[in-house]
Amino acid sequence: MYLLRRQTQNQPDDSLFREAKVTELRAALGPLSGRRLKYCTDGCLRRYLEARNWNVDKAKKMLEETLKWRSTYKPEEIRWDEVAHEGETGKVSRANFHDRLGRPVLILRPGMQNTTSAEDNIKHFVYLLENGILNLSEGQEQMSWLIDFTGFAMSTNLSIKTARDIIHILQNHYPERLAIAFLYNPPRIFQAFWKAVKYFLDPKTAQKVKFVYPNNKESLELMKSLFDVDNLPSEFGGKATLKYDHEEFS
């Protein structure tokens with residue numbers, strides 16, 4: 001019993017355990033200044049620790065790689081006019097509603113893919129991630145994704161390589177930012193693409209991906225538990241209308 005009680009007390013969901021790990025990670029990182037100091041909030045450190053199962057050494061390595069990436073890629077310096085052409089069709093946009101937990105929502109519509117530049121596609125996606133993070137409510141660290149497959153075709157979809165690069169950036173440089181991703185009614189031709197892409201997902205990320213089908217009551221109930229159907233666009237089984245006005249969004 002004593003051993004069991006000790007194990008329970010040392011589980012990562014123990015707040016004292018978590019805060020001690022945050023303190024340990026901050027000490028391991030050493031002195032920070034400028035953008036690095038601003039980026040490395042306690043919330044940030046918790047996310048990297050969570051992504052690495054509270055292993056300080058692994059979280060430190062992951063975070064240092066992100067700091068290096070941010071210093072060269074400079075995601076916070078991307079401006080809308082650099083990527084606006086990528087968003088003309090609304091293939092990725094921030095919704096004007098939140099989920100039931102108050103998290104912002106990104107709507108992805110791969111059937112609206114309009115360009116072939118991998119670099120610009122990635123930059124546009126990173127811009128919207130950064131924008132979504134800036135618009136998080138106080139105390140909120142994550143966002144939800146809704147993916148609509150209307151018009152999806154393998155010929156117009158992102159390449160496997162571009163999808164892989166986006167997954168790499170999301171998992172390694174934005175850990176624990178994704179709360180859940182609903183893939184609504186994907187067509188059968190998507191299965192081949194999914195099998196290739198799933199290979200690049202770590203288990204934690206893969207668990208957050210949920211397939212929703214109109215004829216599957218269980219998957220619909222899961223979706224409705226997180227979204228108000230009055231806000232949810234009809235493309236996702238809701239009652240609202242999904243409108244994307246590029247000028248207004250800009």
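Residues numbered from 1 in each chain as written. Predicted model: local features only at pLDDT ≥ 70, side-chain atom pairs only at ≥ 80, totals over all residues. Heavy atoms only, no water.

> Before we go on, may I ask you to explain the pairing of strand E1 (residues 92-98) in this structure?
Residues in a regular strand project their side chains so that they alternate between the two faces of the sheet. Two strands pair when backbone bridges link them, and E1 and strand E2 (residues 104-108) are joined in this way by 4 bridges, in the antiparallel orientation. Residue pairing for E2: Val 92 is matched across the bridge by Leu 108. What sits between E1 and E2 in their antiparallel hairpin is a turn of 5 residues, with Gly 102 showing a positive phi close to 80°. (Pairing = 2+ DSSP bridges. Helix = DSSP H or I, 4+ residues; strand = E, 2+ residues; numbered from the N terminus.)

> In this structure, what is going on with the nonpolar core? I would like to understand it.
Most often, soluble globular proteins keep nonpolar side chains buried together rather than apart. Counting 36 residues, the largest nonpolar core has Leu 129, Trp 145 and Tyr 174 as its most contacted members. The set of elements that each furnish at least two residues to this core consists of helix H6 (80-83), E2, helix H7 (118-134), strand E3 (143-148), helix H8 (160-173), strand E4 (178-184) and helix H9 (190-198). Residues contacting Tyr 174, with those up to four places away along its chain left out, are Arg 47, Trp 69, Arg 70, Pro 75, Val 126, Leu 129, Glu 130, Ile 133 and Ile 169. Of all hydrophobic cores here, the second largest spans 17 residues; its members include Leu 25, Cys 44, Tyr 48 and Val 56. (Core = buried A, V, L, I, M, F, W, Y, C linked by side-chain atoms within 4.5 Å. Buried < 20%, exposed > 50% of the residue type's maximum accessible area, 1.4 Å probe, protein only. Contact = heavy atoms within 4.5 Å.)

> What's the story with the layout of surface pockets in this structure? I'm lost.
Looking at the largest pocket, its volume works out to about 710 Å³. Lining the largest pocket are 25 residues, and of these Lys 38, Tyr 39, Arg 70, Glu 76 and Glu 130 sit closest to its centre. Ranked by residues supplied to the lining of the largest pocket, first place goes to H7 with 5 residues. Class assignment of the residues belonging to the lining of the largest pocket gives a composition of 10 nonpolar, 4 polar and 11 charged. In this structure, the second largest pocket occupies an estimated 530 Å³ of space. (1 Å grid on protein atoms, 1.4 Å probe; cavity = no way out; pocket = protein on both sides within 12 Å on 5 of 7 lines; lining within 4 Å. Points joined across faces, edges and corners; volume = space filled by probe spheres on them. Nonpolar A, V, L, I, M, F, W, Y, C, P; charged D, E, K, R; others polar.)

> Would you mind going over the side chain of Ser 219 with me for this structure?
Mapped onto the fold, Ser 219 is located in helix H11 (residues 217-226). Residue classification places Ser 219 among the buried residues on the basis of a relative accessible area of 8%. Residues in contact with Ser 219, not counting those within four places in the same chain, are Phe 211, Val 212 and Tyr 213.

> Even after reading the chapter, I still don't get the packing of aromatic side chains, so can you show me in this structure?
Any two aromatic rings considered together are summarised by their centre-to-centre distance and by the angle between their planes. In this structure the tally under the stated criterion is 15 aromatic pairs. For the pair Trp 69 and Tyr 174, a centre-to-centre distance of 6.0 Å together with 80° between the ring planes defines the contact as edge-to-face. Here Tyr 174 lies in the loop between H8 and E4 and Trp 69 lies in helix H5 (residues 56-73), a separation of 105 residues in the sequence. Each member of the pair Trp 69 and Tyr 174 is classed as buried. Aromatic pair Phe 152 and Phe 190: ring centres 5.7 Å apart, planes at 80°, arrangement edge-to-face. A residue pair is termed long-range when its members are at least 10 positions apart, and Phe 152 in the loop between E3 and H8 and Phe 190 in helix H9 qualify at 38 residues. Pair check on accessibility: Phe 152 and Phe 190 agree, each one buried. (Phe/Tyr/Trp six-rings, centres within 6.5 Å; stacked < 30°, edge-to-face > 60°.)

> Just to check I follow, could you spell out the sheet that holds strand E5 (residues 209-212) for this structure?
The strands making up a sheet are joined through hydrogen bonds of the backbone, oriented either antiparallel or parallel. Sheet architecture is open: 5 strands sit in the order E1-E2-E3-E4-E5, paired in mixed fashion. Each of the sheet's edge strands pairs with one partner strand only, and the pair in question is E1 and E5. On average, each strand axis in the sheet is inclined to that of its neighbour by 25°, with strand direction left out of account. Across the face of the sheet, H11 comes into contact with E3, E4 and E5 while running at roughly 135° to E4. (Axes fitted to C-alpha atoms, helices over the stretch in contact; angles between N-to-C directions.)

> I'm lost on the pattern of salt bridges in this one. Help?
Two side chains that carry opposite charge are able to pair once their charged atoms sit near each other. Per the counting criterion, the structure on display carries 18 salt bridges. Linking Glu 64 and Lys 60 is a salt bridge whose minimum nitrogen-to-oxygen distance equals 3.0 Å. Highlighted residues: Glu 64 and Lys 60, both in helix H5, separated by 4 residues, approximately one helical turn. With a relative accessible area of 34%, Glu 64 lands in the partly exposed category. The exposure class of Lys 60 is partly exposed, given its relative accessible area of 23%. Residue Glu 76 is joined to Arg 70 by a salt bridge in which the shortest nitrogen-to-oxygen separation is 3.6 Å. (Salt bridge = Lys/Arg side-chain N within 4 Å of Asp/Glu carboxyl O.)

> Before we go on, may I ask you to explain the side chain of Glu 130 in this structure?
Relative to the assigned elements, Glu 130 resides in helix H7. Looking at Glu 130, the relative accessible area reads 14%, which means it is buried. If we ignore the near neighbours within four places in the chain, the residues touching Glu 130 are Arg 70, Pro 75, Glu 76 and Tyr 174.

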